[in-house]
Amino acid sequence: MKNYIDEMFYKLMKEFKDKSYNQIYQNMVDKFLSLDEKTKDSIEKFLNQFNYWGRLDRRKNNYEVFSLKANVFKNGYRDFIWLYNKLNDYQSKFVLFSVLSNYYNFDFGHLASAQCKMFKQYFDLDLMKDCKDKVFVDVGSYVGDSVFDFIFSFGDYKKIYCYEITQSIINLSKTRLLTYQNIIFKNMAVSDKNSTLYLDDSIGSFSANKTSKKGKIKITSVSLDNDILEKIDIIKMDIEGGEKKALIGAKKHIIEDNPILLVAVYHSNIDLIKLPRLINRLNKNYNFYLRYSGGSIYATEIDLICLPE
């Protein structure tokens, strides 16, 4: 007999399996339209501001975001089952169910319950027990908030690398972290190879800036395998959809160093299944966990924690 969390998850997977693409799509449209006007406006504004998951404009009858998600649910439910069975605790399994139920049913209650409020984002002290005197690489360091959280959580460290693509933001980070030693700041993008990319700045937030193949502001792009020669102990990645290429560019470190991986898995409709599969192919010596630190209306800030066995 399955427990409550297993029952909820597998019931949802059966729905994805048994229903047609059109039925899955229509369920999301109907559930969205049944929300109050303020909530609908808020969700629509948020999704269109960042444009990671598809457009949403009910006045033009444009529900692209639900169409794209319906395709993932219908064709990817086996991948979600694979991930569910790879997760190593029931908090992670509950996070996965709650995120999917939020996307499919606009289930706000379970998503609110899945929020991790005890620890700093990425740094679950129940999982990451021995992280002192380590080399920490922060890919997408923004203004240094994750570096502060890392130091707050663990205290001592050996060295920290901060990669950030926006020059003004990394300058601010340098100022904020001025009193700390052994922090190396790099105004670079991290990808699968060394190359030249361009800044695609977000009208919504500096934190959503990402790289593009064309533009006005050139950015040096590097792979972690080429740019860092010493052993890496912990890698955090939150780079607005660039995580796949960054992981590929860190393949040697992931295979040889077995670093703890802290990876954002919400910047596309398929990252939640694509990135765990990729990491598992690169190195099967990882236990997987999911943690959620986003809001209770629409699921973002979903983090995959990969701990070497």
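### Comments concerning the confidence of the model for the protein
Low-confidence regions, as indicated by low pLDDT, have predicted coordinates that should not be scrutinised in detail.
Now for step 1: Taken over all residues, the pLDDT of the protein has a mean of 94, while the share at 70 or more is 94%.
Now for step 2: Residue range residues 203–207 is modelled with pLDDT below 50. Its contacts to residues more than four positions away, or to other chains, number seven contacts.

### Side note on the packing of aromatic side chains
Now for step 1: Using the criterion set out here, one finds 27 aromatic pairs in the structure.
Now for step 2: Clustering of aromatic rings is evident, with ring pairs tying together Phe 46, Phe 50, Tyr 52, Trp 53, Tyr 103 and Tyr 298.
Now for step 3: Above the plane of the ring of Phe 288 lies Lys 86, whose end atom (NZ or CZ) is 5.5 Å from the centre.
Now for step 4: Sitting over the ring of Tyr 84, Lys 93 keeps its end group 4.3 Å from the ring centre.

### As for the state of the cysteines
Now for step 1: Applying the stated criterion to the full structure yields zero disulfides.
Now for step 2: Of all cysteine sulfurs in the structure, the one in Cys 131 sits closest to Cys 116, which takes part in no disulfide; the separation is 15 Å.
Now for step 3: What makes Cys 131 buried here is its relative accessible area of 2%.

### Details of empty space enclosed by the protein
Gaps left between atoms show up when a probe the size of a water molecule is rolled over them.
Now for step 1: Under the definition given, this model contains two cavities of 30 Å³ or more.
Now for step 2: Taken as a whole, the largest cavity holds about 100 Å³ of empty space.
Now for step 3: Lining the largest cavity, in full, are Lys 69, Val 72, Phe 73, Phe 80, Leu 100, Tyr 103, Val 265, Tyr 266, Ser 268, Asn 269, Leu 272 and Ile 302.
Now for step 4: Listing elements by their share of the lining of the largest cavity, those giving two or more residues are α4 (64–86) and α5 (90–105).

### What to know about the packing of helix α1 (residues 4–18) against α4
Now for step 1: Where α1 meets α4, the axes come as close as 8 Å, and the angle between the chain directions of the two elements is 155 degrees. Considering their axes alone, α1 and α4 lie roughly antiparallel with respect to each other. The crossing of α1 and α4 is left-handed. Here α1 contributes Ile 5, Asp 6, Phe 9, Tyr 10, Met 13, Phe 16, Lys 17 and Asp 18 to the contact with α4, which in turn contributes Phe 73, Lys 74, Tyr 77, Phe 80, Ile 81, Tyr 84 and Asn 85.
Now for step 2: Along the lines of polarity and charge, the residues of the contact of α1 with α4 split into 10 nonpolar, one polar and four charged.

### Things to note about the packing of helix α2 (residues 21–33) against α4
Packed helices, taken two at a time, are described by the angle their axes make and the gap between the axes.
Now for step 1: Contact geometry for α2 and α4: axes closest at 9 Å, N-to-C directions at 135 degrees. Our classification of the angle between α2 and α4 gives oblique. For the element pair α2 and α4, the recorded crossing hand is right-handed. Packed against α2, whose contacting residues are Tyr 21, Ile 24, Tyr 25, Met 28, Val 29 and Phe 32, the element α4 presents Phe 66, Ser 67, Lys 69, Ala 70, Asn 71, Phe 73 and Lys 74 at the interface.

### Structural notes on helix α12 (residues 271–282)
Each α-helix turn comprises 3.6 residues. Residues three or four places apart therefore point the same way.
Now for step 1: Taking 1.5 Å of rise per residue, the 12 residues of α12 would be expected to cover 16 Å, and the 16 Å separating its terminal C-alpha atoms lies within 8% of that figure.
Now for step 2: Of all 12 residues that make up α12, nine are buried, and the element is covered over most of its length.

### Focus: the sheet that holds strand β10 (residues 286–292)
Now for step 1: Spatially, β3-β2-β1-β8-β9-β11-β10 is the arrangement adopted by the seven strands of the open sheet, whose pairing is mixed. Looking along the sheet, the strands with just one partner apiece sit at the ends: β3 (183–186) and β10. Between one strand and the next, the sheet's axes are offset by a mean angle of 15 degrees, whatever the strand orientation.
Now for step 2: Against the sheet, α12 touches β9 (260–264), β10 and β11 (302–308), its axis set at about 155 degrees to β10.

### Considering the pattern of salt bridges
Now for step 1: Evaluated as defined, the whole model comprises 17 salt bridges.
Now for step 2: A salt bridge links Asp 41 to Arg 59; the shortest N-O distance between them is 3.6 Å. You can see Asp 41 sitting in helix α3 (residues 37–50) and its partner Arg 59 sitting in the loop between α3 and α4, a full 18 residues away along the chain.
Now for step 3: A residue is classified by how much of its surface remains accessible, and Asp 41, at 35% relative accessible area, is partly exposed.
Now for step 4: Across the pair Arg 58 and Glu 44 runs a salt bridge, and its minimum N-O distance is 2.7 Å.

### Observations concerning a positive patch on the surface
Now for step 1: Together, Lys 193, Lys 244, Lys 245, Arg 281 and Lys 284 make up a positively charged patch on the protein surface.
Now for step 2: Positionally, Lys 284 belongs in the loop between α12 and β10.
Now for step 3: Overall, Lys 284 belongs to the exposed group, its relative accessible area being 59%.

Cut-offs used in this document
Residues numbered from 1 in each chain as written. Predicted model: local features only at pLDDT ≥ 70, side-chain atom pairs only at ≥ 80, totals over all residues. Heavy atoms only, no water. pLDDT = per-residue confidence, 0-100. Contact = heavy atoms within 4.5 Å. Phe/Tyr/Trp six-rings, centres within 6.5 Å; stacked < 30°, edge-to-face > 60°. Lys NZ or Arg CZ within 6 Å of the ring centre and 35° of its normal. Disulfide = S-S within 2.5 Å. Buried < 20%, exposed > 50% of the residue type's maximum accessible area, 1.4 Å probe, protein only. 1 Å grid on protein atoms, 1.4 Å probe; cavity = no way out; pocket = protein on both sides within 12 Å on 5 of 7 lines; lining within 4 Å. Points joined across faces, edges and corners; volume = space filled by probe spheres on them. Helix = DSSP H or I, 4+ residues; strand = E, 2+ residues; numbered from the N terminus. Axes fitted to C-alpha atoms, helices over the stretch in contact; angles between N-to-C directions. Parallel < 35°, antiparallel > 145°, perpendicular 65-115°, else oblique. Left-handed = near helix turned anticlockwise from the far one by under 90°. Nonpolar A, V, L, I, M, F, W, Y, C, P; charged D, E, K, R; others polar. Expected span 1.5 Å × (residues − 1). Pairing = 2+ DSSP bridges. Salt bridge = Lys/Arg side-chain N within 4 Å of Asp/Glu carboxyl O. Patch = residues over 30% accessible without salt bridge, like charges linked within 9 Å, V, L, I, M, F, W, Y side chains within 5 Å. Areas by Shrake-Rupley, 256 points an atom, 1.4 Å probe, with all protein chains shown as cover. Lys, Arg positive; Asp, Glu negative; His and termini not counted. Charge placed at Lys NZ, Arg CZ, Asp CG, Glu CD.

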